[in-house]
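# Chain and residue survey
As a plain string of letters, each chain reads:
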Amino acid sequence: MVLIINSQLRDHGGHLFHNTLALCRGLEQSGVKWLVIGNRDAKAECFSLTHFLPYFPRFVYEELDGKGPGKVLPFFRSAVQYKALLWNLFGRQLQLAKGDLVLVHSPREFEFLGWTLFLRDHIELFRGKDVQVILFILTDYQQPPIPGSIFLREIYRFCLRTLRSLPMRVRVGTASELLKLELEKIGRLEIELFPDLAVGITDLPEVPPDDVVDIVYLGGARYTKGFDLLVDAIEYLRTDANFFTKTRFWIQSNVERGMREELVRRALVKLLRLAAECDTIRIVHGPLPTEAYYRLVAQSDVIVLPYRDQFYRRLVSGPFVEALFFGKVPVIPEGTWMAREASKYGLEGLTFRSNSVTSLSQALVRVVANLDVFAKKVKEVSVLWRQYHNAENF
């Protein structure tokens, strides 16, 4: 049996659910039994996963995460509490069988420490059962500007070197080659490279074609994702009548808690004003369920990812994975994992200088003006991209 541990899984919105769904479908096609262990506050949609156990309380990953001054003790407290939850789960509620595989999906920093301490201190639960544990890491502890990044680097160093010394098979993996290299450097442990399974479906719904180029921004309105930069770029491009007669913007606008939230909210107010003045700017409110989300992906010709590079240098982007999977043209920041992947596949001319409204605007104009050429290249890459980013390769 495969046990998929994802303490953050609460609803069917976002790539955590899509990734889990893709894994479960792949396991079912292979005839492998599985169980997803998610959050106890899970909404009804999660129970569409036929084998779903709501277990982890919400506070575990929403308490302090160690990324700032004065948060060291709460970080360790969260890690110890998480370790206790794992002991209760595996020591009392579940019985591991010989040959089982435990996949820990995207553990946050204190969860990674909690897993390390749990495996170190309760190795007897795994001894003699040939159980594998895979820790699939998608977070980057060095995202600046974070005062606690040096502290977190040492936490990762301790965890990786402790896991290397355990008398059992523990595999650590990621979907980013850049993050793999960083973790191997500090941990002296081989990090495996896995495909990203952000895509929740294999085929998009049909959308009637028209002569307008649809530019779509997916996901929450966040500072790290450059939501405010995109709004400023749209305002800047409004003076280009030729561009605006060819295009239509679709912007997901749900503001999420996080860095520079007030700046993001001001950008949303500006976007609402622009949309009221221009009927080619469409605002999509709220987190979207899977079906509606993929209707929006299907609507797109271009997927714009105005992310700030300092937060996405090594991180995998789910919308970028989806863009290439479905043959949609992405507009992406230089100096990121996204740009590196695009370059590997020969996709040039899709990048902009991060944090620059002017550069982002110019990239959008360039892509729209040459969309036929870019779309042809992306569709060719999509065939190769699908061959790698699927559950069979995980």
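Residues numbered from 1 in each chain as written. Predicted model: local features only at pLDDT ≥ 70, side-chain atom pairs only at ≥ 80, totals over all residues. Heavy atoms only, no water.

A few words now on the confidence of the model for the protein chain. Confidence along the protein chain averages 88 in pLDDT terms, with 93% of residues attaining 70 or more. Counting contacts from residues 60-69, a segment whose pLDDT is below 50, to residues more than four positions away or on other chains yields 37 contacts. (pLDDT = per-residue confidence, 0-100. Contact = heavy atoms within 4.5 Å.)

Overall, the coordinates contain 20 salt bridges when judged by the stated rule. Linking Arg-157 and Glu-154 is a salt bridge whose minimum nitrogen-to-oxygen distance equals 3.1 Å. Note that Arg-157 and Glu-154 are positioned in helix α5 (residues 149-165) at a spacing of three residues, about one turn of the helix. In this structure Glu-154 comes out as partly exposed when scored by relative accessible area, which is 40%. In this structure, a network of salt bridges that share partners links the residues Asp-232, Glu-235, Arg-238, Lys-270, Arg-273 and Glu-277. (Salt bridge = Lys/Arg side-chain N within 4 Å of Asp/Glu carboxyl O. Helix = DSSP H or I, 4+ residues; strand = E, 2+ residues; numbered from the N terminus. Buried < 20%, exposed > 50% of the residue type's maximum accessible area, 1.4 Å probe, protein only.)

Turning to the packing of aromatic side chains, a few remarks are in order. Two numbers describe a pair of aromatic rings. These are the distance of the centres and the angle of the planes. By the definition in use, this model includes 25 aromatic pairs. The interplanar angle of 90 degrees and the centroid separation of 6.4 Å between the aromatic rings of Tyr-82 and Phe-110 together place this pair among those described as edge-to-face. Of this pair, Tyr-82 sits in helix α3 (residues 72-93) while Phe-110 is found in helix α4 (residues 109-121), placing the two residues 28 residues apart along the sequence. Between Phe-243 and Phe-244 the ring centres are 6.0 Å apart and the planes differ by 70 degrees, which places this aromatic pair in the edge-to-face class. Across the pair, exposure class does not vary: Phe-243 and Phe-244 are buried alike. Aromatic ring contacts, followed pair by pair, group Tyr-55, Phe-56, Tyr-82 and Phe-110 into a single cluster. (Phe/Tyr/Trp six-rings, centres within 6.5 Å; stacked < 30°, edge-to-face > 60°.)

This brings us to the sheet that holds strand β2 (residues 34-39). Reading across the sheet, the seven strands line up as β3-β2-β1-β4-β5-β6-β7 and stay open at both edges, with parallel pairing between neighbours. Taken across any chain shown, the strands that pair with only one partner, and hence form the sheet edges, are β3 (52-56) and β7 (191-193). On average, each strand axis in the sheet is inclined to that of its neighbour by 25 degrees, with strand direction left out of account. Inspection of the sheet shows strand β4 (residues 101-105) paired to strand β5 (residues 132-137) by five bridges, in the parallel sense. Counted as the bridge partner of Leu-101 is Gln-132 from β5. Those strands touched by α3 are β1 (2-5), β2, β3 and β4, and its axis lies near 140 degrees from that of β3. Where α5 meets the sheet, it contacts β5, β6 (170-174) and β7, and its direction lies at approximately 135 degrees from that of β6. (Pairing = 2+ DSSP bridges. Axes fitted to C-alpha atoms, helices over the stretch in contact; angles between N-to-C directions.)

Right, let's talk about the environment of Ser-78 for a bit. Among the secondary structure elements, Ser-78 is positioned in helix α3. Counting along the chain gives 35 residues from Ser-78 to Leu-113, while the straight-line C-alpha distance between them is 9.5 Å.

This part covers the side chain of Ser-253. On the secondary structure map, Ser-253 appears in the loop between β9 (247-252) and α9 (261-277). Apart from the residues lying within four places of it in its own chain, the contact partners of Ser-253 are Ala-221, Phe-227, Leu-268, Ile-283, Val-284 and His-285.

Moving on, we come to helix α12 (residues 318-325). With eight of eight residues buried, α12 is to be regarded as a mostly interior element. Elements that come into contact with the buried residues of α12 comprise α1 (15-29), α10 (290-299), β11 (302-304), β12 (329-333), α13 (337-344) and α15 (371-388). Directly beyond the C-terminal end of α12, a positive phi value near 75 degrees is found at Gly-327.

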